Amino acid sequence: MAVEGGAKCIKYLLFFFNFLFWICGLALIILGVLAQLALNNTLAIEKASVSAVPLVVIVVGVIVFFIAFFGCCGAFRESHCMITTFSVLLSFIVLIQIGAAIAGYIYRGKLNEIVDSDLKDMVSKYTNSSAEFKKAVDEMQKDLKCCGMNSSADWTSFGPDGTSVPDSCCIKQTLGCGKGAMQDADKVYQKGCLSFVKDYLRKNVQLVIVAAVVIAFLQVLGIVFACILMKSIRSGYQVM
């Protein structure tokens, strides 16, 4: 009876774990969508290696979502086959996450280079770019309250006088407020966007790391519960 009670407890723990895991998958999907919107509408970063990250998060979220549903069904029906499949798939996901974490650690140093390159392009391409690109740059400067890459002086080629900046650099924005106001700290933000963008990315990376640790812990716990339940089912114990 003790083994039966323990197996029954594991069954419901596995079901509860998969419910949490299902929520984690949904959270990853939402996080990926929000990150994609932030990159498209705020940061104006065009490198495929950066833009693809939110898409990877969304795909992983969808996979996690369905694996959790599979695990819930397996636990509820006490199906050895379904729980075994769930354990294998979940172990595979954990291995992928470990590989992604290692790749991210190796790749982390290149993030600043990508940001530097894209913000330089932001300034040089602004005049002759599409309306969508200009809007993205303007939104970034408005939201982050910054101007140019390193400082407002990056916009020297913006106007023929060499002292004008886009109106999105202005503290109080009105039409033509940036004309001849590059060095006027009372009218134009003097600090560049580079440091703000790096801080933004750094904070979000930290949040992703914390979330990844929590999810990985839940995944490993789920694999352990699944293995215990598989052993109980295979031994012929009735856990209902």
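Residue numbers restart at each chain and count upward from 1, following the sequence in its written direction. Whole-chain, interface and lining totals are the exception, using all residues; otherwise, since this is a predicted model, local features are given only for residues with pLDDT of at least 70 and side-chain atom pairs are given and counted only at 80 or more. Only heavy atoms go into the side-chain values, all of them from the structure, while hydrogens and water stay out.

A few words now on the side chain of Q141. A run of H or I in DSSP becomes a helix once it reaches four residues, and a run of E becomes a strand once it reaches two; helices and strands are each numbered from the N terminus. Following the sequence through the fold, Q141 ends up in helix α4 (residues 131-144). A relative accessible area of 0% means that Q141 is categorised as buried. Within the local environment of Q141, its side chain forms a polar contact with the side chain of S168, the two groups lying 2.7 Å apart. Sequence-distant contacts of Q141, defined by excluding residues within four places in its chain, comprise C146, C147, G148, W155, P166, S168, C169 and C193. For each residue, the accessible area found with a 1.4 Å probe, counting protein chains only, is set against the maximum for its type, and the residue is called buried under 20%, exposed over 50%, and partly exposed in between. Within 3.5 Å is the distance limit for a polar contact, defined as a pair of N or O atoms, with the added protein rule that one can donate a hydrogen and the other accept it, and that residues adjacent in sequence qualify only through two side-chain atoms. Residue contacts are counted whenever heavy atoms from the two residues lie within 4.5 Å of one another.

Working definition: rings of Phe, Tyr and Trp (its six-membered ring) pair if their centres are within 6.5 Å, and the pair is stacked with planes under 30 degrees apart, edge-to-face with planes over 60 apart, and tilted otherwise. In the structure shown here, the tally under the stated rule is 6 aromatic pairs. Considering the side-chain rings of W22 and F65, the 5.1 Å spacing of their centres and the 40 degrees angle between planes classify their relative orientation as tilted. Taken as a pair, W22 in helix α1 (residues 2-43) and F65 in helix α2 (residues 48-77) lie far apart in primary sequence, 43 residues in all. Relative accessible area serves as the criterion here: at 21%, F65 is assigned to the partly exposed category. Note on W155 and F158: the rings are 5.8 Å apart at their centroids and 80 degrees apart in plane angle, and the pair reads as edge-to-face. Of the residues examined, W155 reaches a relative accessible area of 1% and is grouped as buried. Among the residues examined, F158 registers a relative accessible area of 28% and is labelled partly exposed. Taken together, the ring pairs connect F19, W22, F65 and F66 into an aromatic cluster. A ring is scored as having a charge over it whenever the NZ atom of a lysine or the CZ atom of an arginine sits within 6 Å of its centre and within 35 degrees of its normal. Over the face of the ring belonging to Y126 we find K134, whose NZ or CZ atom lies 6.0 Å from the ring centre. Looking at K191, its charged tip hangs above the ring of F196, at a distance of 5.0 Å from the centre.

Purely spatial values, then, with no claim about function.
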